[in-house]
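What follows is each chain in one-letter form.
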Amino acid sequence: MKNPFLYDLARSTPAVKKPGGTVQLAYEKDFPVVAGQKAAMALVVLKKGGIREPHWHPDAWEFDYCISGKARMSVVGPNNEWREFKVEPGQIVFVPQGYFHYFENIGKDDLRFLIVFNNSTRESNDDIGVSVSLGGTPNEVLAATFGVPKADFKPIPKLHKEVIITRRR
């Protein structure tokens, strides 16, 4: 009989698998015991140069634990407050609910982050990425906001429904 309190996150099928890295999730669909408990977890592995798209969670805070590798991270909050910093193994980062943030692998080895959320839904259901935000804004508005020609925003992909993992080019 399957144990409802045990979930093998490290062996789970990645919800996101890109050249820049992977995201494995333990949330209410795959780990039903957390449904209604306001808890979920993700194991994010970024390859060398991998980047977790800048984003925010309107319904969850986030605790990040660096298992291995080296990261650069930025957190942006109200009143134009922002911090950019490095994260090393054994360190934790807390991102308050609704704060804009990203992280990237700046080391030579894989970066492994264990992330805890106080929301039991799939991360992509509580995630607003910069690409979706820009993709959902008319190019004319972006051009006026940034003071550049609207054609500069034509290559930006329009709305999608997945967590973006990419890498530096």
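Everything in this summary refers to the structure shown in the same document. (Residues numbered from 1 in each chain as written. Predicted model: local features only at pLDDT ≥ 70, side-chain atom pairs only at ≥ 80, totals over all residues. Heavy atoms only, no water.)

A word on the overall build of the protein. Check the secondary structure of the protein and you find 2 helices and 12 strands. Listing every helix and strand of the protein by position from the N terminus yields β-β-β-β-β-β-β-β-β-β-β-α-α-β. The C-alpha radius of gyration of the protein comes to 17 Å, within 12% of the 15 Å expected for a compact globule of 169 residues. Expressed as lengths along the three principal axes of its C-alpha atoms, the size of the protein is roughly 60 × 35 × 35 Å. Taking all 169 residues of the protein together, the buried fraction comes to 38%. (Helix = DSSP H or I, 4+ residues; strand = E, 2+ residues; numbered from the N terminus. Rg over C-alpha atoms; globule rule 2.2 N^0.38 Å. Buried < 20%, exposed > 50% of the residue type's maximum accessible area, 1.4 Å probe, protein only.)

What follows is about the sheet that holds strand β2 (residues 21-26). Strand order across the open sheet formed by 6 strands is β1-β2-β3-β10-β5-β8, with antiparallel pairing between neighbours. Here the strands that pair on one side only, and so sit at the sheet edges, are β1 (16-18) and β8 (92-95). On average, each strand axis in the sheet is tilted by 15 degrees relative to the strand beside it, whichever way the strands run. (Pairing = 2+ DSSP bridges. Axes fitted to C-alpha atoms, helices over the stretch in contact; angles between N-to-C directions.)

Turning our eyes to something else, we now look at the packing of aromatic side chains. All told, the structure shown has 7 aromatic pairs when counted by the stated rule. With a centroid separation of 5.7 Å and an interplanar angle of 50 degrees, the aromatic rings of W56 and F100 are classed as tilted. In this pair, W56 is assigned in strand β4 (residues 50-56) and F100 in strand β9 (residues 100-105), connecting sequence segments 44 residues apart. Assessed through its relative accessible area of 24%, W56 is described here as partly exposed. Judged by its relative accessible area of 26%, F100 falls in the partly exposed class. Summarising the aromatic geometry, the rings of W61 and F94 are spaced 5.5 Å apart at their centres and angled 45 degrees between planes, so their arrangement reads as tilted. Of this pair, W61 sits in the loop between β4 and β5 (62-68) while F94 sits in strand β8; the two residues are 33 residues apart in sequence, bridging distant segments of the chain. The exposure class assigned to W61 is partly exposed, which follows from its relative accessible area of 27%. (Phe/Tyr/Trp six-rings, centres within 6.5 Å; stacked < 30°, edge-to-face > 60°.)

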